[in-house]
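Examining the three-dimensional arrangement
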Amino acid sequence: EEEGKGCAALCWEAAWPEAFCIHPSSQAGFRSGWWWGQEGPLLNRFPFFCPQSENRTVMFAVASAMVNCTSSYDQEELDPQMVELAKYAKQHIPEKHPKDKPEFVHRRVRKLLAAGIVSALSSMVKNENPVLSASCRELISRVFLALLEEPKDRGVVVAHGGGKALIPLALDGTEVGQTRAAQALAKITITTSPEMAFPGERVYEVVRPLVSLLHLKRTGLENFEGLMALTNLAGTSERLRQKIVKEKAVPMIEGYMFEEHEMIRLAATECMCNLALSPEVAELFLAEGSDRLKLLVLYSGEEDERLRRAAAGTLAVLTSLLPQICARIPQVTAHWLEILQALLLSSSTELQHRAVVVVRNMVMAEKELAEKLMESETLEILSVLAGLETEKPQVAQPAKECLAQAVTYGLIKPSTTPAGE
């Protein structure tokens, strides 16, 4: 117990976390203290004694030491102008310790992972230790978030029970602790298959913490990671999409589709693309007086290819699920035909595929829509795309279906279709 308290006190100085996590052969000078015994450094013993402790002070002290080792405490960025002013006034300016630089922190994190830190923290949470206070839970959440910073380390954290341990941390504790745990869950969900990271019914418990990251009081990074994680969940199953809807996430996601920050706007549009697979969400785009559909059509004409891909993909999903949306597209903007033609002529096969599916759905929905399309340059574009059976079969097939339906309507002659049709 005294070891834990002493370690927490020493680890406030960046040189001590470095010694705490260092390889035995590289710091012989540290081997004479209490932190070094016959079993090796305290780091190697931490996973065994920490979960067994029944002393709240010790638990908090050890958790504090881990926060310092991972540099996961809140750090305020200094205003450059204030720094210059302080220099001019010859005032003391606090400087970051050299051992708190990212390369040193990453090395310490790797040592902690190798020593079994994840299993220790997971055991502390899993056993619902009564001495685990809200403040201690917050510290553990901070450590988990630091351990998950590097994508290549996330598999190790998940394999040792980190994903399971983070769920209760995200649902109970201080507001800061819950937010850190939710952000850690988001990082796992972004890079790991949800079914693997949270098997069984556990995956549904992840939705609420992720939705909490969308609140306006969260940072832009937290908003962005929450949206990306929800995108992966929404693409997994209808039941998960219904859970996201039930948590009232859709209005917040719609709001972020108008966000000025391009990455947040993109993430929200991608999330809506997957959510639109749910009939309940798709029907929202039929609401009178709503600009939801107009926004998607306009985004399909933006310069950002990723945003165009997400918006066009949503249109393809919506027009496939609800044919009545097809008739609404020409009503939302006068540039609808120009936007669709630009997508069809794109050098990106993915954009072409999305556009030709939208056009096919419009042609199949109403003869009047098909007539508008066939009277334009769209007919010529479709004729060219229909001939790309070898190069782009996923584009050619819907294009051929468009032309075949136009022949059925009597809008074009059979000879307009490519040879072999």
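Treat the numbers as computed from the prediction; the structure is a model and nothing was measured.

A tally of regular secondary structure across the protein chain gives 27 helices and 2 strands. Taken across its 421 residues, the protein chain has 52% of its residues classed as buried. In the protein chain, once contacts between residues fewer than 6 apart in sequence are set aside, the share between residues at least 24 apart is 68%. If you sum the accessible surface of the protein chain, you get close to 20300 Å²; carbon and sulfur atoms cover 52% of it.

A side chain of one charge can pair with a side chain of the opposite charge when the charged atoms of the two come close. Taken as a whole and assessed by the stated rule, the structure comprises 17 salt bridges. Put simply, Arg-110 and Asp-153 hold a salt bridge, and the shortest N to O gap is 3.3 Å. A residue pair is termed long-range when its members are at least 10 positions apart, and Arg-110 in helix 6 (residues 102–115) and Asp-153 in the loop between helix 8 (134–147) and helix 9 (154–159) qualify at 43 residues. Residue classification places Arg-110 among the partly exposed positions, given a relative accessible area of 34%.

Two descriptors summarise a pair of aromatic rings, namely the distance from one centre to the other and the angle between the planes of the rings. The full count for this structure, using the stated rule, is 0 aromatic pairs. Lying over the aromatic face of Tyr-204, Arg-239 brings its terminal NZ or CZ to 4.0 Å of the ring centre.

This part covers the nonpolar core. Core analysis: the biggest nonpolar cluster contains 120 residues, and Ile-140, Phe-144, Leu-147, Leu-166, Leu-210, Ile-253 and Met-362 have the highest contact counts within it. Other than its neighbours up to four places away in sequence, Leu-210 contacts Ala-182, Leu-185, Ala-186, Thr-189, Gly-226, Ala-229, Leu-230 and Leu-233.

Attention shifts here to the side chain of Thr-378. The residue Thr-378 is located in helix 26 (residues 378–386) in this model. Since its relative accessible area comes to 1%, Thr-378 is described here as buried. Setting aside anything within four residues of it in sequence, one finds Thr-378 in contact with Leu-337, Gln-341, Leu-344, Val-359 and Leu-373.

The subject of this paragraph is unusual backbone geometry. The residue Lys-248 is not glycine, and still its phi comes out positive at about 60°. In this structure, Lys-248 sits in the loop between helix 16 (238–246) and helix 17 (250–256). On the basis of relative accessible area, Lys-248 is assigned to the exposed category, the value being 62%.

With 17 residues, helix 24 (residues 349–365) should cover 24 Å at 1.5 Å per step; its first-to-last C-alpha distance of 24 Å lies within 8% of that length. Taken together, the buried positions of helix 24 are occupied by Leu-351, Gln-352, Ala-355, Val-356, Val-357, Val-358, Val-359, Asn-361, Met-362 and Val-363.

A few words on the environment of Met-257. Residue position: Met-257 is located in the loop between helix 17 and helix 18 (262–275). In the structure, Met-257 is positioned 10 residues away from Ala-267 in sequence and 8.1 Å away in space, judged by C-alpha atoms.

What follows concerns helix 21 (residues 305–321). Its 17 residues place the ends of helix 21 24 Å apart at the C-alpha level, agreeing with the 24 Å of an ideal helix rising 1.5 Å per residue. When you tally the buried positions in helix 21, you get 12 out of 17 residues, the bulk of the element. Looking at the buried side of helix 21, the elements it contacts are helix 18, helix 19 (279–282), helix 20 (292–299), helix 22 (329–332), helix 23 (336–344) and helix 24. Its side-chain oxygen at 3.0 Å from the backbone nitrogen of Arg-306, Asp-304 defines the N-terminal cap of helix 21.

Further remarks concern the packing of helix 7 (residues 117–126) against helix 10 (residues 162–171). Viewed as axis vectors pointing N to C, helix 7 and helix 10 meet at an angle of 40°, and their least axial separation amounts to 9 Å. It follows that helix 7 is oblique to helix 10 by the angle criterion. Crossing hand, helix 7 versus helix 10: left-handed. Here Val-118, Ser-122, Val-125 and Lys-126 of helix 7 lie close against helix 10, whose contacting residues are Gly-162, Lys-164, Ala-165, Pro-168 and Leu-169. Across the contact of helix 7 with helix 10, the residue classes tally to 5 nonpolar, 2 polar and 2 charged.

With that settled, the discussion passes to the confidence of the model for the protein chain. When pLDDT is averaged along the protein chain, the result is 83; 77% of the residues meet or exceed 70. Contacts from residues 1–6, a stretch scored under 50 in pLDDT, to residues over four places away or in other chains number 11 contacts. In this model residues 8–12 is a low-confidence stretch, pLDDT under 50, and it forms 12 contacts with partners more than four residues away in sequence or in other chains.

Within the secondary structure layout, His-215 lies in the loop between helix 14 (207–212) and helix 15 (220–234). The exposure class assigned to His-215 is partly exposed, which follows from its relative accessible area of 33%. The contact partners of His-215, leaving out residues within four places of it in the chain, are Asn-223, Met-252 and Tyr-256. A distance of 3.4 Å separates the side chain of His-215 from the backbone oxygen of Ser-212, its partner in a polar contact.

Tracing the backbone through its elements, the reader meets Leu-166 in helix 10. When neighbours within four sequence positions are excluded, Leu-166 is seen to be in contact with Phe-144, Leu-148, Ala-181, Ala-184, Leu-185 and Ile-188.

Reading guide: rules and limits
Residues numbered from 1 in each chain as written. Predicted model: local features only at pLDDT ≥ 70, side-chain atom pairs only at ≥ 80, totals over all residues. Heavy atoms only, no water. Helix = DSSP H or I, 4+ residues; strand = E, 2+ residues; numbered from the N terminus. Buried < 20%, exposed > 50% of the residue type's maximum accessible area, 1.4 Å probe, protein only. Contact = heavy atoms within 4.5 Å. Areas by Shrake-Rupley, 256 points an atom, 1.4 Å probe, with all protein chains shown as cover. Salt bridge = Lys/Arg side-chain N within 4 Å of Asp/Glu carboxyl O. Phe/Tyr/Trp six-rings, centres within 6.5 Å; stacked < 30°, edge-to-face > 60°. Lys NZ or Arg CZ within 6 Å of the ring centre and 35° of its normal. Core = buried A, V, L, I, M, F, W, Y, C linked by side-chain atoms within 4.5 Å. Expected span 1.5 Å × (residues − 1). Polar contact = N/O pair within 3.5 Å; in protein donor to acceptor, adjacent residues only side chain to side chain. Axes fitted to C-alpha atoms, helices over the stretch in contact; angles between N-to-C directions. Parallel < 35°, antiparallel > 145°, perpendicular 65-115°, else oblique. Left-handed = near helix turned anticlockwise from the far one by under 90°. Nonpolar A, V, L, I, M, F, W, Y, C, P; charged D, E, K, R; others polar. pLDDT = per-residue confidence, 0-100.

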